Amino acid sequence: MKKNINYKLILLLIVPYLASEIINRLMGYGISLNSSLLLTISSVLLSLWTFSSVVLWFWVGRQFGSLTIEKIKSFILGNVIWAISLALYIWQFIFVDDINRNFFVAGISQHYVLGFVSWGSKVVNLFTNTIDGTVVVIVAYLMMFIVFTVGFITSPTFKIERKFY
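Given the structure is predicted, the values throughout are model-derived calculations rather than measurements.

A. Spatial organisation of the packing of aromatic side chains. A complete count under the given rule lists 12 aromatic pairs for this structure. Taking the centre distance of 6.2 Å and the plane angle of 25 degrees together, the rings of Phe 148 and Phe 152 count as stacked. A residue pair is termed a helical-turn pair when its members lie 3 or 4 positions apart in one helix, as Phe 148 and Phe 152 do in helix H7 (residues 133–153) at four residues. Using a relative accessible area of 0% as the deciding quantity, one classes Phe 148 as buried.

Structure, rendered in structure tokens:
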């Protein structure tokens, strides 16, 4: 039973990608079909996802903070997909030029953080009048990490283990 709970937590780590992929596809279909209904639905879903992604990711952080394995292992496990996605994003949008970009890999890395992009653009807008999409997405990734970390640290069973040698 305990392993089932751990698998469920690992499946929660892909929820940001799945929700964002659904929203993006609905928006794409709305544009290609020139359907105002699909565009409205996708816009409403994106707005809901923007607010609920913060709550979900905080809760996921709390769940990983409550695991009975070593806290550092739990923290790394909870952020492994996030870190891979961020690495893919940096690779595709900083180190690869537009012509050589792999759109599948670039799309995956952008979709994973879609729920935080609106928040990221608000933060970037506080510091500059020029909005660079790459900077916004990286800030969104950082915000996602912070929300997870706050959830992790505030979990009921989290304790900082101090070892004196």
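B. Here's a closer look at a nonpolar patch on the surface. Residues Tyr 7, Ile 10, Ile 69, Leu 77, Val 80 and Ile 84 make up a contiguous nonpolar surface patch of roughly 490 Å² in combined accessible area. Tracing the chain through its elements places Val 80 in helix H4 (residues 71–95).

C. Expanded view of H4. With 25 residues, H4 extends 33 Å between its outermost C-alpha atoms, agreeing within 8% with the 36 Å of an ideal straight helix rising 1.5 Å per residue. For H4, every residue scored as buried is listed here: Lys 71, Ser 74, Phe 75, Gly 78, Asn 79, Trp 82, Ser 85, Leu 86, Tyr 89, Gln 92 and Phe 93.

D. Layout of the packing of H4 against H7. Between H4 and H7, the shortest axis-to-axis distance is 11 Å and the interhelical angle comes to 180 degrees. As far as their axial angle goes, H7 and H4 are roughly antiparallel. Residue-level inspection shows Lys 71, Ser 74, Phe 75, Gly 78, Asn 79, Trp 82, Ser 85, Leu 86, Tyr 89, Phe 93 and Ile 94 of H4 in contact with H7, the latter providing Gly 133, Thr 134, Val 137, Ile 138, Tyr 141, Met 144, Phe 145, Phe 148, Thr 149 and Phe 152. Here the residues of the contact of H4 with H7 are counted per class, giving 13 nonpolar, seven polar and one charged.

E. Region of interest: the packing of helix H2 (residues 15–32) against helix H3 (residues 36–65). Look at H2 against H3: their axes get within 9 Å of each other, and the N-to-C directions meet at 165 degrees. When the interaxial angle is binned, H2 and H3 end up roughly antiparallel. Regarding H2 and H3, the two cross each other, and that crossing is left-handed. Where H2 approaches H3, its residues Val 15, Pro 16, Ala 19, Ser 20, Ile 23, Leu 26, Met 27, Tyr 29, Gly 30 and Ile 31 are matched on the opposing element by Leu 38, Leu 39, Ile 41, Ser 42, Leu 45, Leu 46, Trp 49, Leu 56 and Trp 57. Classifying every residue of the contact of H2 with H3 gives 16 nonpolar, three polar and no charged.

F. Highlighting the side chain of Thr 149. Relative to the helices and strands, Thr 149 resides in helix H7. You can call Thr 149 buried: its relative accessible area is 18%.

How each quantity is defined
Residues numbered from 1 in each chain as written. Predicted model: local features only at pLDDT ≥ 70, side-chain atom pairs only at ≥ 80, totals over all residues. Heavy atoms only, no water. Phe/Tyr/Trp six-rings, centres within 6.5 Å; stacked < 30°, edge-to-face > 60°. Helix = DSSP H or I, 4+ residues; strand = E, 2+ residues; numbered from the N terminus. Buried < 20%, exposed > 50% of the residue type's maximum accessible area, 1.4 Å probe, protein only. Patch = residues over 30% accessible without salt bridge, like charges linked within 9 Å, V, L, I, M, F, W, Y side chains within 5 Å. Areas by Shrake-Rupley, 256 points an atom, 1.4 Å probe, with all protein chains shown as cover. Salt bridge = Lys/Arg side-chain N within 4 Å of Asp/Glu carboxyl O. Expected span 1.5 Å × (residues − 1). Axes fitted to C-alpha atoms, helices over the stretch in contact; angles between N-to-C directions. Parallel < 35°, antiparallel > 145°, perpendicular 65-115°, else oblique. Contact = heavy atoms within 4.5 Å. Nonpolar A, V, L, I, M, F, W, Y, C, P; charged D, E, K, R; others polar. Left-handed = near helix turned anticlockwise from the far one by under 90°.

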